[in-house]
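Coordinate inspection notes
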Amino acid sequence: MTNSMAEGTKAHQKIQKLYRDTDQNEFFLRTEIECNDILFHLEGRCDGLLFDEGIVTIDEIKSTAGNLELVTENSHPVHWAQAKCYAYMYAKDNGLDQINVQLSYVHTETEQVKRFQKSCSFADLQTFIQQVAEGYYPFANWQAIHFKNRNESIQQSDFPFSDYRKGQRKLAGAVYQTIQDKRSLFANAPTGIGKTMSTIFPSLKAMGRGMIEKIFYLTARTTTRKAAEDAFSLLEEKGLSVKTVTITAKEKVCLQEDTKCKNQCEFADGYYDRLNEAILDALMNENILDRKAIERYAIKHELCPFEFSLDLAYLSDAIICDYNYVFDPRVSLKRLVEEQKKKTVLLVDESHNLVDRGREMFSAELNKSSFLQLKREFKDVDNELFNHFKHINQYFIDFKKEHQSMNTSEWSEVPKRLIELLEGFIETAEQYLSVSGNEENNGELLEIYFAAQNFLKISQLYDEHFTVYSEMSRNEVRVKVFCLDPSKLLQKISAGFRSTIHFSATLMPLPYYTEMLGGSVDDYSISITSPFSPEQTEVYIKRVSTRYRDRESSKDEITAMLKTLLSGRQGNYLVFFPSYQYMNLIYEATKEDNGFETIIQSANMSEADRDSFLALFKEETESTLLAFAVMGGIFSEGIDLKGNRLNGVIVVGVGMPQIGPERDIIKKFFQGKGKNGFDYAYVFPGMNKVLQAGGRLIRSEEDHGLIVLADDRFLTGKYQRMLPENWKDYTLI
């Protein structure tokens, strides 16, 4: 299977095996360079150290899957720069006046080698290395001053509020202890205690004492990202000097009308020529580099805002971003080296989301229709690519004929023939893309190229925690490498960092989430009770069946309950449903002749639509607003409607994911491991949605409101045990 790192290592070893006995490989070099008042430490391992009749040559090996004929002596100046650094160090240590540097490019598939060589005097190398140090000096000087100011400001900082909320000090203390002990923490901490500040503040204190150098604040949603930005902004107002960068998705910050990257983009062309000045400009003038600030500096220096945010992230103290920049093998910040990870803490907000997000990140799928479409488009464009698409499409056709009696099927391993076909396609596609430029068909080709690459990459992770399954319809075949249990991979990734802090208001049942998020017996866990009194919440349970087969018949009961319960009540109420279909059914029956103002969530709402929806929740109102939304959607977590902006939450159903092939495969998998597969696949994820929806109501000690749980299953022992303590004093309606 194609694996860029493994293939690169193989290519290096292929060259190194050709060295003579007198030559050396992976030779470690180190030196110091003084520039003004800073002493730079330079070290690394050169691929090859070659000796031939008194002439010493530094060999730098680079692997490529591209067309070697297109690689020229001046294609990659940075490769020469790397080799010259090694040459300088060796020549200095051994008193050489002259030394050769060589670039060896090796093709990963054909193993063909292309070499370029230069002879360098020590005087020229010394001039080169001094110029490198002088170019780096302004940043190094800024960094030294910043680290000193940062640590002093952290040491002098106090908790930004007059007092800790109930449970907040306990969580903050657990976070600090976890970082100090180099462990991981699983914290179930209720809404309203201030989890964001309770995790950020002790992490900063650990930074001020030299335990860590970087904080990742990881979120699943843009809404929770804002809470982290607000926390850092508040600390900055109190005197903290910490550089914080927010990474926003490429499609949201792209300055071009077409968000697909083009070969000729004014913000990408010459990017690295302008980058250093832009980084210094931003870091010297801003502490909080959020989306707006990054866009402002990107426009000023004509840089791609997304790439700029990534480069800033490597140099910042704190990074606020989506889970995928750490956990997703396709898009993670790979330049963060292992030594940096050991001084980095991960703060994983709302980490109950990471179970299904982990499954998603470690899974990959392909569709027959994609290859059929490109087969047609490339028929008269490129014969070699056309043949690849034809063979892959035929593979799916043959598979469908063999399994025509089954709509879905599972396999015990990744199909080898499909892997071989994809590897051949990828090699040809790379060669085509390297010479074809920005041609009309390349957008679709790139999409399927990356999909195939991802399929191969995920296939390499395949073990007993995965399955492969297919779904077939009239004209489609879908094949998916499906991660059933992401715990092993999540644990492996987290293990590279000093500490991982998993926290959520709904990390329940805690043993389930500890297991699924990759916890071990050495990790810490903490469960903090709600700081709010039961008197703040008026809880009702409605005995009604909301099971799929009963939804049509439940319509009258649910609408009557809403009318009776909210009649005469002023204020704003959110009603959550397990699906759009069920929500629309009740909405249509409720929206007329009920005395309520009704609004409804729609699929694929933009940020502006979402803000307009929430703006209708007024602090002071004499009417009754009934807002319909779906559990697990954009309004069921990460929104903060304090005080009278929200007066009640009605949850219809137990939130179970829709029954389907994937959930049933998960159920069967955990059943086979001696677990309750139905709970793992349906009950626990569903109840989490219920708890998240209900958690929108009480956000502070001053909040009061109504919670209604409409489903007879909430009265069973299993669900009763999962209810929060302050929901257990309920009235049956």
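In this report, the structure presented in the accompanying data block is examined. (Residues numbered from 1 in each chain as written. Predicted model: local features only at pLDDT ≥ 70, side-chain atom pairs only at ≥ 80, totals over all residues. Heavy atoms only, no water.)

**What about the overall build of the protein chain?**
A count of helical and extended segments in the protein chain gives 25 helices and 24 strands. A globule of 733 residues ought to have a C-alpha radius of gyration of about 27 Å, and the protein chain, at 29 Å, matches this closely. For the protein chain, the C-alpha atoms occupy an extent of roughly 95 × 70 × 50 Å along the three principal directions. By residue count, 54% of the 733 residues in the protein chain fall in the buried class. Partitioning the intrachain contacts of the protein chain with sequence separation of at least 6 by distance along the chain shows that 77% fall at a separation of at least 24. Split by element, the accessible area of the protein chain, about 34000 Å² in all, is 47% carbon and sulfur. The protein chain carries 87 positive and 106 negative side-chain charges, and their two centres are separated by 5 Å. (Helix = DSSP H or I, 4+ residues; strand = E, 2+ residues; numbered from the N terminus. Rg over C-alpha atoms; globule rule 2.2 N^0.38 Å. Buried < 20%, exposed > 50% of the residue type's maximum accessible area, 1.4 Å probe, protein only. Contact = heavy atoms within 4.5 Å. Areas by Shrake-Rupley, 256 points an atom, 1.4 Å probe, with all protein chains shown as cover. Lys, Arg positive; Asp, Glu negative; His and termini not counted. Charge placed at Lys NZ, Arg CZ, Asp CG, Glu CD.)

**Describing the nonpolar core**
Counting 117 residues, the largest nonpolar core has Phe425, Phe455 and Leu574 as the members making the most contacts within it. With residues up to four places along the chain from it excluded, the contact list for Phe425 reads Leu385, His388, Phe389, Ile392, Leu445, Ile448, Tyr449 and Ala452. (Core = buried A, V, L, I, M, F, W, Y, C linked by side-chain atoms within 4.5 Å.)

**Quick word on the pattern of salt bridges**
All chains considered together, the criterion is met by 37 salt bridges. Across the pair Glu60 and Lys62 runs a salt bridge whose closest N-O atoms are separated by 3.1 Å. On the basis of relative accessibility, which here comes to 2%, the residue Glu60 falls in the buried class. The partner of Glu725 in a salt bridge is Lys728, with the nearest N and O atoms 3.2 Å apart. Among the residues examined, Glu725 registers a relative accessible area of 63% and is labelled exposed. Taken together, the shared-partner salt bridges in this structure form one network comprising Glu365, Glu471, Arg478, Lys480 and Glu662. (Salt bridge = Lys/Arg side-chain N within 4 Å of Asp/Glu carboxyl O.)

**Concerning the sheet that holds strand β13 (residues 408-411)**
If you trace the 4 strands from one edge of the open sheet to the other, you get β12-β15-β14-β13, paired in antiparallel fashion. Looking at which strands have only one partner, the edges of the open sheet turn out to be β12 (364-367) and β13. Averaged over all pairs of adjacent strands, the angle between strand axes in this sheet comes to 15°, irrespective of strand direction. Across the sheet, helix α15 (residues 383-402) is in contact with β12, β13, β14 (466-472) and β15 (477-483); its angle to β15 comes to roughly 90°. (Pairing = 2+ DSSP bridges. Axes fitted to C-alpha atoms, helices over the stretch in contact; angles between N-to-C directions.)

**Some points on unusual backbone geometry**
Of note, the bond from Met508 into Pro509 is cis; its omega dihedral lies within 30 degrees of zero at 0°. Turning to its location among the elements, Pro509 is positioned in the loop between β16 (499-504) and α19 (510-516). Phi at Lys182 is positive, roughly 60°, even though this residue is not glycine. One non-glycine residue, Glu302, adopts positive backbone phi at about 55°. Secondary-structure assignment places Glu302 in the loop between α9 (291-301) and α10 (305-315).

**Concerning the packing of aromatic side chains**
This model, assessed by the stated rule, comprises 36 aromatic pairs. Relative to Phe684, the ring of Tyr680 has its centre 6.0 Å away and its plane inclined at 50°; by these criteria the two rings are tilted. Of this pair, Tyr680 and Phe684 both sit in helix α24 (residues 677-694), 4 residues apart, which is roughly one turn of that helix. Each member of the pair Tyr680 and Phe684 is classed as buried. Here the guanidinium or amino end of Lys84 rests over the ring plane of Phe128, the centre of that ring lying 5.3 Å away. Lying across the ring of Trp80, Lys118 places its NZ or CZ 4.3 Å from the centre. (Phe/Tyr/Trp six-rings, centres within 6.5 Å; stacked < 30°, edge-to-face > 60°. Lys NZ or Arg CZ within 6 Å of the ring centre and 35° of its normal.)

**Observations concerning the sheet that holds strand β3 (residues 55-64)**
Across the sheet, which stays open at both edges, the 5 strands sit in the order β1-β2-β3-β4-β5 with mixed pairing between neighbours. A strand with exactly one partner marks an edge of an open sheet, and here the two such strands are β1 (24-35) and β5 (113-121). Neighbour-to-neighbour, the strand axes of the sheet open up by a mean angle of 40°, direction not taken into account. For β3 and strand β4 (residues 98-107), the ladder comprises 8 bridges, and the chain directions are parallel. Looking across to β4, one finds that Ser63 is bridged to Val106.

**Things to note about the side chain of Thr196**
Turning to its location among the elements, Thr196 is positioned in helix α5 (residues 195-208). Judged by its relative accessible area of 14%, Thr196 falls in the buried class. A distance of 3.3 Å separates a polar atom in the side chain of Thr196 from a polar atom in the side chain of Tyr217. In this structure, Thr196 is in contact with Tyr217, Ala227, Ala228 and Ala231, ignoring residues within four places of it in sequence. (Polar contact = N/O pair within 3.5 Å; in protein donor to acceptor, adjacent residues only side chain to side chain.)

**Observations concerning helix α4 (residues 168-180)**
If you check α4, its first and last C-alpha atoms are 18 Å apart, about what 13 residues at 1.5 Å a residue would give, namely 18 Å. Along α4, the residues that are buried comprise Gln168, Leu171, Ala172, Ala174, Val175, Tyr176, Thr178 and Ile179. Of the residues trailing α4, Lys182 is marked for its positive phi of about 60°. (Expected span 1.5 Å × (residues − 1).)

**Points about the environment of Met211**
Within the secondary structure, Met211 sits in the loop between α5 and β7 (214-219). In the structure, Met211 is positioned 399 residues away from Arg610 in sequence and 40 Å away in space, judged by C-alpha atoms. Contact partners of Met211, with chain neighbours within four places excluded, come to Tyr176, Ile179, Gln180, Ala206, Lys343 and Arg498.

**Remarks on the packing of helix α14 (residues 368-377) against helix α17 (residues 442-459)**
Axis separation between α14 and α17 bottoms out at 11 Å; the angle between their running directions is 145°. The hand of the α14/α17 crossing is left-handed. For the pair α14 and α17, contact is made by Ser370, Phe371, Gln373, Leu374 and Glu377 and by Glu444, Leu445 and Ile448, respectively. Taken together, the residues of the contact of α14 with α17 sort by class into 4 nonpolar, 2 polar and 2 charged. (Left-handed = near helix turned anticlockwise from the far one by under 90°. Nonpolar A, V, L, I, M, F, W, Y, C, P; charged D, E, K, R; others polar.)

**Details of the side chain of Gln536**
Within the secondary structure, Gln536 is located in the loop between β17 (524-527) and β18 (537-542). You can call Gln536 buried: its relative accessible area is 5%. Within the structure, the side chain of Gln536 is placed 2.7 Å from the backbone oxygen of Asp703, a separation counted as a polar contact. Excluding residues within four positions of it along the chain, Gln536 makes contact with Ile698, Ser700, Glu701, Glu702, Asp703, His704 and Gly705.

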